[in-house]
Amino acid sequence: MGKKAREIVEKAGVKVDELIDMLKKAYADEWIAFFYYSWLAKMIKGLESPAIASKIEEIAKEELEHQGELADRIIQLGGEPPKKFEELVKIANCPYVNIPEKLEDMKAVCKAIIEAERCAIEVYNKLLNWLTGVKADPVTFHIIRHILQEEVEHEDLFETILGE
Ligand SMILES: [Fe+2]
Ligand SMILES: [Fe+2]
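Let me sum up the structure you'll find in this document. (Residues numbered from 1 in each chain as written. Chains lettered and ligands numbered in written order. Predicted model: local features only at pLDDT ≥ 70, side-chain atom pairs only at ≥ 80, totals over all residues.)

The helix and strand tally for the protein stands at six helices and zero strands. Taken from the N to the C terminus, the helices and strands of the protein come in the order α-α-α-α-α-α. Its C-alpha atoms give the protein a radius of gyration of 17 Å, near enough to 15 Å, the size a compact globule of 164 residues would have. With the principal axes as the frame, the protein shows a C-alpha extent of 55 × 30 × 20 Å. Looking at the 164 residues of the protein, the share that counts as buried comes to 35%. For the protein, long-range pairs separated by at least 24 residues make up 75% of all intrachain contacts whose partners lie at least 6 apart in sequence. (Helix = DSSP H or I, 4+ residues; strand = E, 2+ residues; numbered from the N terminus. Rg over C-alpha atoms; globule rule 2.2 N^0.38 Å. Buried ≥ 20, exposed ≤ 12 C-beta atoms within 10 Å, placed from the backbone. Contact = placed C-beta atoms within 7 Å.)

Put into structure tokens, the structure is as follows:
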């Protein structure tokens, strides 16, 4: 635990436990996105699927990085990331990705990913607004802004693939 890290944030007036809870929920979202994206990258079919699978793998890797960044911050603030997998699904803001019935339907696959990314964008946007309101935790603010930026890129990437 980063005792000083927590103390600074606490003294600045942040409700640290409330912040940790929000970070844990986002942490759960990242694992879930990673799980579904990894599954999709392996399972989609058809002529266009290899190119799209490699893009899905790329963003899955970034979701896994986000998970790690959030875990680090949770620990620095004196919290503990959830240790049971089932808890992730319970606390997540975005608990599933709508996997399309037809795994050769690339439009449906892209739409499912865009929908998931939009959920993530909303979560990080809210978190960033909350952090802007309390103005006292620049470290978390920086992490969340960085993650939000990547979620926006993910949405944009799959909108482009879809031709939106
Ligand atoms: Fe992410
Ligand atoms: Fe993403």
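Glancing now at the nonpolar core. Across soluble globular proteins, nonpolar side chains show a tendency to be buried alongside one another. Counting 42 residues, the largest nonpolar core has Leu23, Ile32 and Tyr37 as its most contacted members. Going through the elements one at a time, helix 2 (16–43), helix 3 (49–76), helix 5 (106–134) and helix 6 (138–162) are the ones with two or more residues in this core. Not counting the four nearest positions on each side in its chain, Leu23 is found in contact with Leu70, Arg73 and Ile74. (Core = buried A, V, L, I, M, F, W, Y, C linked by C-beta atoms within 7 Å.)

It is worth spelling out the packing of helix 5 against helix 6 at this point. It is at 8 Å that the axes of helix 5 and helix 6 come closest, and there the two elements cross at 155 degrees. With respect to their mutual orientation, helix 5 and helix 6 come out roughly antiparallel. Crossing handedness for the pair helix 5 and helix 6: left-handed. (Axes fitted to C-alpha atoms, helices over the stretch in contact; angles between N-to-C directions. Parallel < 35°, antiparallel > 145°, perpendicular 65-115°, else oblique. Left-handed = near helix turned anticlockwise from the far one by under 90°.)

For the rest of this paragraph, the subject is helix 3. Along its 28 residues, helix 3 runs 40 Å from first to last C-alpha, staying within 8% of the 40 Å computed at 1.5 Å per residue. Taken together, the buried positions of helix 3 are occupied by Ile56, Ile59, Ala60, Glu63, His66, Gln67, Leu70, Arg73 and Ile74. A positive backbone phi angle near 95 degrees is found at Gly78, which sits one or two residues after helix 3. (Expected span 1.5 Å × (residues − 1).)

Right, let's talk about the packing of helix 2 against helix 3 for a bit. Relative orientation and spacing of two packed helices are given, respectively, by the angle between their axes and the distance between those axes. Between helix 2 and helix 3, the shortest axis-to-axis distance is 8 Å and the interhelical angle comes to 155 degrees. The orientation of helix 2 relative to helix 3 falls into the category roughly antiparallel. Crossing geometry of helix 2 relative to helix 3 is assigned as left-handed. Grouping the amino acids of the contact of helix 2 with helix 3 by side-chain chemistry returns 18 nonpolar, three polar and five charged. (Nonpolar A, V, L, I, M, F, W, Y, C, P; charged D, E, K, R; others polar.)

Before going further, it helps to spend a moment on the environment of Ile59. Examined against the element boundaries, Ile59 turns out to sit in helix 3. The class for Ile59 is buried, based on 23 C-beta atoms found within 10 Å. Sequence separation between Ile59 and Glu150 is 91 residues; the distance between their C-alpha atoms is 8.9 Å. Contacts of Ile59, omitting those with residues within four sequence positions, involve Tyr37 and His154.

Once that is clear, we can look at the environment of Val123. Relative to the elements of secondary structure, Val123 occurs in helix 5. The spacing of Val123 and Ala28 is 95 residues in sequence and 12 Å in space, taken between C-alpha atoms. Residues contacting Val123, with those up to four places away along its chain left out, are Ala26, Asp29, Asn93 and Cys94.

Remember, this is a structural readout, not a statement about activity or role.
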